[in-house]
Amino acid sequence: MVRYIVRKELLVNLLSMRFALGLVVVALVMGLVGYVLTEDYVGRRQTYLSDVQRHQETLRQTKVYSTIEVAIDIPPPLLSVFGRGVKDLSSSIRVSPYHVPSLFEGGSGSSIHLRSTSDRPYNPLLRFFTPIDLSFVIGIILSLFAILLVFDSFSGERERGTLGLMLSCPIGRVQVLIGKFLGALLTMAIPLTIGFLEVILLWALSPEVTLDTSSWVGVGLIYLFSLIFLSGFLALGLLISLFAKESSSGLMYILLVWIVVAVVIPEGGGYLAEYAWPWEARRNVVEKLKEKEDKFYKALWKVEYHQKCAWWYANTSDTGGESLLGITEEEVYNRLEYNKKVFPLKFQYAEDRYRVLESYAVALRRWAGIRDNLIRPSLCVLYRNIVQAISGTDIGSYEAMLRQARRYREALMSYLRPKVETPEWFTRALEYPDMQPTEENVKYWMKLAEKEGMGILFARILNWDRITPLDLSDMPRPQVKCPDLAERVVGVTTDALLLVGITGLFLGLATMKVLRYTP
Amino acid sequence: MLWKIVRKDLVEHITSFRFLAVFVFTVMLMVTSVLVFSVRYRNAIEEYPRRVEGLVNKDGKTHLGSVPCEGGATVRRFPSALAFISGTGEREFPNGATFAVHGLRAIWRAPDIRGMLGSSAQVDWAFVVSVLLSFAAGLLTYKAISGELRDGTLALMLSNPVSRGTVLLAKYLAALIPLAAALSAAMAFSLIVLRATGAVQLTGDDWLKIGFVWLASLLYLSIFVLIGLFCSVFARSPLLSAVAFMFTWTCLVFVVPNLGGILARQMGDIKTPLQMKKLSESVPDRFPLTPGMSDAEVASVKLKRELARERLLIEYVQSMVRQVHLGQNLTRISPSSAFSYAVENIVGGGTYRLMRFIDNVVRFREGFFRAIIEADKKDPQSEHHYEPWSCGSSNFSQRVVDLGPAKEFRDPPPSSIECLHVAFMDMSLLILYNGLLFLITFLRFVRQDISPVPGV
């Protein structure tokens, strides 16, 4: 008997004007948004590939060990089309002896200047418009569509007089409810499926997009959770339809509830949490960082250094690596002794800074936890969290990758620490005697410079390009990747359970009401 | 007669649960936005740099000789005192500038941790009015006509010596007055709360801006009252009016405004960073150095190059602003967007504020430059050549001086007159939409057949 109701509901819905209009709107918007986001993904992927190449090339051209910096590029996940995730996350994690990757990775921030080599149009001012993803479209437009389908399920039938007729049949009231629910769910599945197919079609038509098993599984999971999310709204709509005296006021009430659930709670709850923002912790961090800086410099200046000869072409830094080109052999060993004392200080400074930042990160995570719990009661927030986790764009995945990057840094440091005791840490002058500023060399250089200017000296002799790059084949390479789908989904089990639970709650309440219902 | 109808509907509206619910929500959200703003603003002011980093040391003095090589001086945009009304530009746009005294070098926004740990919430007054109160407008009017039609009371009312126009006007006022009252009460209450927190001192100019925001909100709510009335007139039953309003409201408040960014990105035409870099690198070709030039001439040519690069950077930012404007123009068809832009501009935010900030930075830089040239002239040991990126020689003075008022960076917000100028188009649009909607509603209602439709 339920089957009959389901079929009737389905047919009535499919033939209604509101379904047709809603379907058109959904198809248009999902198509448009899907197209734009896919293009965006393709662009980001190209940037990623060129970044990887560029970083590998830089590494290949490293001439001295102390300037090694490994940039771990994070590929953009294809599913970010569904869940954009948090913005301002850096697309590459920097690992170096002088920098421990933390949550405060430079970030992409947004900077406008004339020195960038990116070949994609860039306009950070467009953040003025809310960036949207498909989960936004589903969360806002499809949920409204769901409401539109069911708000007059009971009240409308009562007004038309057919409810009494239906309940007079030998069928349980609960079965009527379930029939309406399933009918509506099947109806909603149609625009949802069409939307997803549009996106998949766009991906298939785009040559740069490749789908692997995990992407397919991800899409399937997002589809499943979208259905669950929409059934939550369907259940809510049915519930309110039972309470409403007339359909039109029922619609307005449910829209009010929708505004609260979809808009006010997610935005307002986050706003409320601002009150708990750890401003104190932030100021402490600035002070502590200053403390560490002072401590480092004090220790640095305690180490004495007597330079034995003038350096020709040197790049040094208090807190980073150094590369010296034109120095004598004697000076090399002089500097080596100094570096043996100084570089461990620099490494320690990097770790100290990290520890300070991490304590701030802990406070921030705690704040984020409060904020997340404040906004959890909303179906839309739960849905968004789940989609982000499945897409791999949530902060949890990013932090997991940061942890992997830090472990890699430790491996890198065990490789590099012994190298501090070698000249190749900061110079290759021993291998290129004609670059050492001995008396005869300098005489020759000055003669050359007189004739053709200093420029020729640096172009022909004191030139880093002449030096063969280091052989880094035995250097450990990073193995950082996004945690796999299973792990990510397990991370949002609570949210998934809550989503199902809330839907069940609405259905349960509707069941209770329908049993005592007087048409 | 008009006022009889108004009074009847007004009482019905004010005593309804839904109006009360909306009113309570509005007040809660506006007060929350004010409270959160007070905390953020206080902290932003505390963290605002007191001196220009890189150019002025802790004692307020400047080492003239190192200025030509200083390429990393930074200043920040002054936080907006009215961000609780509309905070989009404040939150999203660049708020810092890096420069050398001979030319601007970068405009940036520091990455916001808040944004990283989840969506940065935005519940300012513009949001409350454009989403919640616009919906309330529909709530009050969707069955103004169609409800009476169904109940049969419309015919009764029109059998009185009252014109249809009057009835429409009465319904309009009966919905707008409670909304205006709710808006005013909520705004007043929030401002009292703001005063109580003492976080910000509002100037007379600020109050003027708040007044205009109130006016714009009224115009905006009037539009949605008219949309609700139109749906009510257009549909023959309250059910259909409600559905019609729902569609319209969703499209206007959610779909259209959000599509702006997407379309602008696809359609805008700006150069890539790489192209800009190449343009910057080709600047020396326009200002070549010829052998045999004196030191002074070399310094002058290099200065021209830096200024040309600054010009390029500013044009680059302007092209980005144009792309944003394109997106805004595409979405202006929605009163929601027109309203948001109007409020953003009245409050003195948005792209206008950004360009103003850049102007202030350039003006400061030029003033600072003149001041150091003056100070340098007084030093007899200097050769008085300012050569960009060259320092430590006798070209320029090596003294350490206090440059007086020239070392203070001032970034005042634009005045209310200026803001109104910028917001003029959107305010006019709001008035236009009002006029259009009233016209079509009136024309439709005047010709409507009011015999009650059976069984609907």
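Residues numbered from 1 in each chain as written. Chains lettered and ligands numbered in written order. Predicted model: local features only at pLDDT ≥ 70, side-chain atom pairs only at ≥ 80, totals over all residues.

Let us now look at the overall build of chain B. Along chain B, the regular secondary structure elements total 16 helices and five strands. Projected onto its principal axes, the C-alpha coordinates of chain B cover approximately 100 × 45 × 40 Å. Considering chain B as a whole, with its 456 residues, one finds that 49% of them fall into the buried category. Sequence separation of 24 or more characterises 83% of the internal contacts of chain B that already satisfy a separation of 6 or more. (Helix = DSSP H or I, 4+ residues; strand = E, 2+ residues; numbered from the N terminus. Buried ≥ 20, exposed ≤ 12 C-beta atoms within 10 Å, placed from the backbone. Contact = placed C-beta atoms within 7 Å.)

Scanning chain A for helices and strands turns up 16 helices and five strands. Overall size of chain A, expressed as C-alpha extent along the three principal axes, is 110 × 50 × 35 Å. Counting across all 519 residues of chain A, residues that qualify as buried make up 40%. At a minimum sequence separation of 6, the contacts of chain A that also span at least 24 residues come to 85%.

A few words now on the nonpolar core. Grouped together as the largest cluster of nonpolar side chains are 177 residues, with contacts concentrated most on A:L234 and B:L430. The residues contacting A:L234, other than those within four sequence positions of it, are A:A146, A:V150, A:F181, A:A184, A:L185 and A:M188. Listed in part, the 41 residues of the second largest apolar core include A:L126, B:A97, B:V361 and B:I372. (Core = buried A, V, L, I, M, F, W, Y, C linked by C-beta atoms within 7 Å.)

Right, let's talk about the interface of chain B and chain A for a bit. On the side of chain A, 61 residues touch chain B, which itself brings 72 residues to the contact. Elements represented by at least two residues in the side of chain B that touches chain A include exactly α2 (17–47), α3 (88–92), β4 (103–109), α4 (113–116), α5 (125–141), α10 (238–267), α11 (273–281) and α13 (295–331) of chain B. Ranked by residues supplied to the side of chain B that touches chain A, first place goes to α10(B) with 17 residues. The class makeup of the residues in the side of chain B that touches chain A is 43 nonpolar, 19 polar and 10 charged. As paired strands, strand β3 (residues 110–113) of chain A and β4(B) are joined by four bridges and run antiparallel to one another. (Nonpolar A, V, L, I, M, F, W, Y, C, P; charged D, E, K, R; others polar. Pairing = 2+ DSSP bridges.)

The next subject is the sheet that holds strand β2 (residues 73–76) of chain B. Reading across from one edge, β3(A)-β4(B)-β3(B)-β2(B) is the order of the four strands in this open sheet, with antiparallel pairing throughout. Of all the strands in the sheet, just β3 of chain A together with β2 of chain B have a single pairing partner and so form its edges. Averaged over all adjacent pairs, the angle separating strand axes in this sheet is 25°, with direction ignored. Those strands touched by α13(B) are β3 of chain A together with β4 of chain B, and its axis lies near 30° from that of β4(B). (Axes fitted to C-alpha atoms, helices over the stretch in contact; angles between N-to-C directions.)

All names here are of chain B. Although it is not a glycine, H384 sits at a positive phi angle of roughly 60°. In this structure, H384 sits in the loop between α15 (350–377) and β5 (400–401). For W389, which is not glycine, the phi torsion reads 70° and is therefore positive. Take W389: it is sitting in the loop between α15 and β5.

Moving on: the domain arrangement of chain A. Residues and elements named next belong to chain A. Domains assigned within chain A are domain 1 (2–104 + 130–273 + 371–405 + 483–515) and domain 2 (279–352 + 415–466). Once you take the C-alpha centre of each, domain 1 and domain 2 turn out to be 54 Å apart. Between domain 1 and domain 2, the contact holds 10 residues from the first and 17 residues from the second. A class-by-class count of the residues in the side of domain 1 that touches domain 2 yields six nonpolar, three polar and one charged. (Domains from an automatic or database assignment.)

Residues and elements named next belong to chain B. Here helix α14 (residues 335–346) is 12 residues long and its end C-alpha atoms lie 16 Å apart, about the 16 Å a rise of 1.5 Å per residue gives. Every buried residue of α14 is accounted for by P335, S336, S337, A338, F339, S340, Y341, A342, V343, E344, N345 and I346. One or two steps after α14, the chain reaches G348, where phi turns positive at roughly 85°. (Expected span 1.5 Å × (residues − 1).)

Residues and elements named next belong to chain A. At their nearest, the axes of helix α7 (residues 213–243) and helix α11 (residues 379–391) sit 10 Å apart, and the two run at 175° to each other. It follows that α7 is roughly antiparallel to α11 by the angle criterion. From α7, G218, L221, I222, F225, F229, G232 and F233 reach across to α11, where they touch L379, Y383, I386, V387, I390 and S391. Here the contact of α7 with α11 is composed, by residue class, of 10 nonpolar, three polar and no charged. (Parallel < 35°, antiparallel > 145°, perpendicular 65-115°, else oblique.)

Quick look at the environment of A:V137 now. Residue and element names in this part refer to chain A. Structurally, V137 is set in helix α3 (residues 134–150). Residues V137 and V29 lie 108 residues apart in sequence; the distance between their C-alpha atoms is 7.6 Å. Discounting chain neighbours no more than four positions away, the residues touching V137 are V29, M30, V33 and I132.

This part takes up the confidence of the model for chain B. Caution applies to low-pLDDT regions: their predicted coordinates should not be interpreted in detail. Of all residues in chain B, 96% have pLDDT values of 70 or greater, and the mean over the chain is 88. ipTM for the predicted complex: 0.88, alongside a pTM of 0.86. (pLDDT = per-residue confidence, 0-100.)

All names here are of chain A. Relative orientation of the contacting elements helix α2 (residues 17–60) and helix α6 (residues 173–205) amounts to 25°, with a least axis distance of 9 Å. The pairing of α2 with α6 is recorded here as roughly parallel in orientation. Crossing handedness for the pair α2 and α6: right-handed. Each of F19, G22, L23, V26, A27, M30, G31, G34, Y35 and T38 in α2 lies in contact with α6, whose residues at this interface are T187, P191, I194, G195, E198, V199, L202 and W203. Broken down by class, the residue content of the contact of α2 with α6 amounts to 11 nonpolar, six polar and one charged. (Left-handed = near helix turned anticlockwise from the far one by under 90°.)

The next thing to look at is the pairing of strand β3 (residues 96–100) of chain B. All names here are of chain B. The pairing of β2 with β3 spans four bridges and is classified as antiparallel. Within the sheet, the bridge partner assigned to A73 lies in β3 and is F99. In this structure, β3 lies alongside β4, joined through five bridges in antiparallel fashion. Residue T98 lies in a different strand from β4, and its bridge partner there is A106. Where β3 folds back onto β4 in an antiparallel hairpin, the turn is made up of two residues.

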